[in-house]
Amino acid sequence: MSAVSVKPRTASSGKADRRTMDFASLGLNVAGVVAGVAIWWSLTGSGVVGLPRPPEVLSRFIELLGNGQLLRDTAASLARVLTGFLLGVLLAIPVGFAMGWYKVARALVEPYLQFFRMIPPLAIIPLAIVTMGIEETPKIFVIFLASFLASVVATYQGVISVDRTMINAARVLGAKDFTIFRRVVVPASTPFILVGVRIGLGSAWATVVAAELIAAQSGLGYRMQQAQLYYDLPTIFVSLFAIGILGLTMDRMLQAVERRLTIWQERI
Amino acid sequence: MTPKIVFDNVTRRFDLKDGSFLALDRFSLDVADGEFVTVVGPSGCGKSTALNIAAGLLKASGGEVTVDGKPVEGPGPERGMIFQQYALFPWLSVRDNVEFGLRVKGEPPARRREIAERFIDLVGLGQFADALPKTLSGGMKQRCAIARAYAVDPVILLMDEPFGALDALTRVQLQDQLLETWSRERRTVMFITHDVDEAVYLANRVVVMAAGPGRLQEIIEVDLPYPRTEEIRLSPEFTAIRNRVWHAVYHQQPAQSHG
Ligand SMILES: Nc1ncnc2c1ncn2[C@@H]1O[C@H](COP(=O)(O)OP(=O)(O)OP(=O)(O)O)[C@@H](O)[C@H]1O
Ligand SMILES: [Mg+2]
């Protein structure tokens, strides 16, 4: 989930061409998934591996969906992810811009950034719990930190990699600093920022589950933690699928936004 | 008549790790109002440096450039610039690119649109006004950049190898179009090129520069009438001037000893 491709996507020549490509690869995707389930089934069916079989997982899914627990857990995790992620990104974008634009800001912030980047956000959890209690705050804080660190670097990279010639072109057209910032630097670094946002979302998901594993009374991570105590593998599977599917859906949504906002980019 | 642009002993040093590098040494040149001057010279002879100083994008280490008698202190819309890499804003349509400088100036929307329309038509991009740069060919991109520079009504156009990245045929077409535009919307033009034919075809005068350190070598008058045509391009007079420029560029004496 956190593996977001930073390279520009390759475009195919025409629309019709792309559509057939899409259908072909979609077919392969489905075939791959079906094959995976089949292998899972055949391996677990013979009882060789101690994992639950697909029907068990499916019936647990229906049960958890029916009694509302899955929705409650999902909502709890999602709320944490979204809150932490949005706060992180909202702070990361101005900080990243400031670092890219003002040498002073860069010099001030960079040491902290480099240092905290080396600490996995999860390592902050014990500290966060001790200082912030076991309520929502420490979990959201850790997610916030994870997504902030991921997107601030991307934003900063975006700002410093804006083509000098483009800035010069704006200057000879009479633009002053603020206009250059708003009308050149911001749009030119949007693709970078969006990549950062996607990476940030990935880290947010990676962090929420771990945070819930350690201290929570709700959420998908908490549910897995409980299930682990009772050796309840189907519930663990359902939770894992829920996390994967939710993460994937959100990533796809961001990708769609990204495509819309960067439609002007030349794709090789 | 007083000249439009005056380079008065313009010198530029670049600081390097070990000492400094003299990129432009006491470069002096007067460009008359409405004149079309081309600049040729070997790579690294300071052509872009001189142009960027005139644009206000680079500071001179010594001497100064004046435009209409006023020293250049920074970039300004009265000095338009066109870059080899086009430097269009890729997220803006052709129209919005051309309107960029007008928006900066604070022109009202209706007036912006009217002016942009005029220059987009002038460079023959009328059908592509709403296209994004990525859908344009290199020649079309450069035409868009020319329209963008013209739209803010500069008194001077500074062009740094604007056609350098284009194929030979497109280049010749754009040369004719540029001259056509120039004859209708007369501006003072300073145009850098590597192409001796291009330099002679476009110019009133060809400025030849030399390298090591970058300096003025020779100024060659092009005594050919406008409009320039294919006939002129094939004439013996053209060939004679072309050969003189060629000789001045490619058979330069090495510089006297210099830091
Ligand atoms: N920012 C810089 N720092 C150090 N040296 C520089 C810098 N910019 C240019 N130079 C040097 O100054 C010299 C002149 O550069 P300039 O770009 O003006 O050459 P040019 O005549 O435009 O060459 P070309 O035809 O290749 O574009 C070159 O030797 C170059 O290496
Ligand atoms: Mg150059």
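Above this text you will find the structure in question.
The text that follows walks through the structure, step by step, so that each part is easy to find.

Each value, and the rule that gives it
Residues numbered from 1 in each chain as written. Chains lettered and ligands numbered in written order. Predicted model: local features only at pLDDT ≥ 70, side-chain atom pairs only at ≥ 80, totals over all residues. Heavy atoms only, no water. Helix = DSSP H or I, 4+ residues; strand = E, 2+ residues; numbered from the N terminus. Buried < 20%, exposed > 50% of the residue type's maximum accessible area, 1.4 Å probe, protein only. Contact = heavy atoms within 4.5 Å. Lys, Arg positive; Asp, Glu negative; His and termini not counted. Charge placed at Lys NZ, Arg CZ, Asp CG, Glu CD. Rg over C-alpha atoms; globule rule 2.2 N^0.38 Å. Areas by Shrake-Rupley, 256 points an atom, 1.4 Å probe, with all protein chains shown as cover. Pairing = 2+ DSSP bridges. Axes fitted to C-alpha atoms, helices over the stretch in contact; angles between N-to-C directions. Parallel < 35°, antiparallel > 145°, perpendicular 65-115°, else oblique. Left-handed = near helix turned anticlockwise from the far one by under 90°. Core = buried A, V, L, I, M, F, W, Y, C linked by side-chain atoms within 4.5 Å. Near = heavy atom within 4 Å. Polar contact = N/O pair within 3.5 Å; in protein donor to acceptor, adjacent residues only side chain to side chain. Nonpolar A, V, L, I, M, F, W, Y, C, P; charged D, E, K, R; others polar. Salt bridge = Lys/Arg side-chain N within 4 Å of Asp/Glu carboxyl O. Patch = residues over 30% accessible without salt bridge, like charges linked within 9 Å, V, L, I, M, F, W, Y side chains within 5 Å. Phe/Tyr/Trp six-rings, centres within 6.5 Å; stacked < 30°, edge-to-face > 60°.

A closer look at the overall build of chain A
Each helix and strand counted, chain A has ten helices and zero strands in total. Along the chain direction, N to C, the helices and strands of chain A fall in the order α-α-α-α-α-α-α-α-α-α. Principal-axis analysis of the C-alpha atoms gives chain A an extent of 75 × 55 × 30 Å. By residue count, 42% of the 268 residues in chain A fall in the buried class. Sequence-distant contacts in chain A: of pairs separated by 6 or more residues, those separated by 24 or more amount to 75%. In chain A, 24 side chains carry a positive charge and 15 a negative one; their mean positions are 9 Å apart.

Notes on the overall build of chain B
Across its full length, chain B carries eight helices and ten strands. Here the C-alpha radius of gyration of chain B, 19 Å, is about what a compact globule of 259 residues would show, namely 18 Å. When the 259 residues of chain B are sorted by exposure, 56% land in the buried category. For chain B, restricting intrachain contacts to residue pairs at least 6 apart in sequence, the fraction spanning at least 24 positions comes to 70%. Total accessible area on chain B is roughly 11500 Å²; 49% of this is exposed by carbon and sulfur atoms. When the 30 basic and 34 acidic side-chain charges of chain B are each reduced to a single mean position, those positions are 5 Å apart.

Topic: the sheet that holds strand 4 (residues 62–67) of chain B
All names here are of chain B. Strand order in this open sheet of four strands is 2-1-4-5, and the pairing throughout is antiparallel. Both outer strands of the open sheet, strand 2 (20–31) and strand 5 (70–71), are each paired with one neighbouring strand and no more. Bridge count between strand 1 (residues 5–15) and strand 4: five bridges; the pairing is antiparallel. Residue pairing for strand 4: T11 is matched across the bridge by G62. Strands strand 1, strand 2 and strand 4 of the sheet are contacted by helix 1 (residues 47–55), whose axis makes an angle of about 115 degrees with strand 1.

Remarks on the packing of helix 6 (residues 136–160) of chain A against helix 8 (residues 177–214) of chain A
Angle between the axes and distance between the axes are the two parameters that describe a pair of packed helices. All names here are of chain A. Contact geometry of helix 6 with helix 8 gives a least axis separation of 7 Å together with a crossing angle of 155 degrees. The angle between helix 6 and helix 8 falls in the class roughly antiparallel. Where helix 6 crosses over helix 8, the handedness of that crossing is right-handed.

Regarding the nonpolar core
Residues V206 and V245 of chain B are the most contacted members of the largest nonpolar core, which totals 53 residues. If you tally residues by element for this core, the top one is helix 4 (residues 138–151) of chain B, at eight residues. Once residues within four sequence positions are removed from consideration, V206 of chain B is found in contact with T38, V40, A199, V200, E218, I219, I220, V222 and V245 of chain B. Grouped together as the second largest cluster of nonpolar side chains are 43 residues, F97, A170, V208 and V209 of chain A included.

A closer look at the site of ligand 1
Residues and elements named next belong to chain B. Taken together, F14, F21, A23, S43, G44, C45, G46, K47, S48, T49, E161 and H194 make up the full set of residues near ligand 1. In the model, an oxygen atom of ligand 1 is placed 2.9 Å from a nitrogen or oxygen of the G44 main chain. A total of 630 Å² of accessible area belongs to ligand 1 in isolation, and the protein chains cover 62% of it. Of all the elements in the fold, those that place two or more residues in the shell around ligand 1 are strand 2 and helix 1. For the shell around ligand 1, the element with the highest residue contribution is helix 1, accounting for three residues. Here the residues of the shell around ligand 1 sort into four nonpolar, six polar and two charged.

Observations concerning the interface of chain A and chain B
Listed per partner, the contact involves 19 residues of chain A and 24 residues of chain B. At the surface where chain A touches chain B, the tally comes to one salt bridge. Our count for the contact surface shared by chain A and chain B stands at two residue pairs in polar contact (both at pLDDT 80 or more). If you tally residues by element for the side of chain A that touches chain B, the top one is helix 7 (residues 164–172) of chain A, at seven residues. Its residues assigned to classes, the side of chain A that touches chain B comprises eleven nonpolar, five polar and three charged.

Observations regarding the pairing of strand 6 (residues 79–82) of chain B
Residue and element names in this part refer to chain B. Burial along strand 6 is two-sided: the residues R79 and M81 and G80 and I82 are all buried. Inspection of the sheet shows strand 6 paired to strand 7 (residues 156–160) by four bridges, in the parallel sense. Bridge pairing links I82 to M159 in strand 7.

Brief notes about the pattern of salt bridges
Opposite charge on two side chains lets them pair, provided their charged atoms get close. One pass over the full model with this rule turns up 25 salt bridges over all chains. Here E136 of chain A makes a salt bridge to R80 of chain A, at a shortest N to O gap of 2.8 Å. Here R80 of chain A lies in helix 3 (residues 69–101) and E136 of chain A lies in helix 6, a separation of 56 residues in the sequence. With relative accessibility at 2%, the residue R80 of chain A sits in the buried group. The salt bridge involving R171 of chain B is made with D195 of chain B; its shortest N-O contact spans 2.9 Å. With R171 of chain B in helix 5 (residues 168–184) and D195 of chain B in the loop between strand 8 (188–192) and helix 6 (196–202), this pair connects stretches of sequence that are 24 residues apart.

Quick look at a nonpolar patch on the surface
Residues and elements named next belong to chain A. A surface patch of nonpolar side chains, amounting to about 480 Å² of accessible area, comprises L58, F61, I62, L65 and L71. Here the nonpolar patch takes four residues from helix 2 (residues 54–66), the largest share from any one element. Mapped onto the fold, L71 is located in helix 3. Classification of L71 as exposed rests on a relative accessible area of 56%.

A few points about the environment of V186 of chain A
Residues and elements named next belong to chain A. With respect to the helices and strands, V186 occurs in helix 8. With 89 residues separating them along the chain, V186 and F97 place their C-alpha atoms 8.4 Å apart. Every residue in contact with V186, bar those within four places of it in the chain, is listed here: F97 and F181.

Digging into the packing of aromatic side chains
All names here are of chain B. The full count for this structure, using the stated rule, is 19 aromatic pairs over all chains. Ring geometry for F36 versus W182: centroids 5.3 Å apart, planes at 80 degrees, classification edge-to-face. A residue pair is termed long-range when its members are at least 10 positions apart, and F36 in strand 3 (residues 36–40) and W182 in helix 5 qualify at 146 residues. There is no split in this pair, since F36 and W182 are both buried. Pairing F163 with F191 gives two aromatic rings, centres 5.7 Å apart and planes at 65 degrees, and the pair type is edge-to-face.

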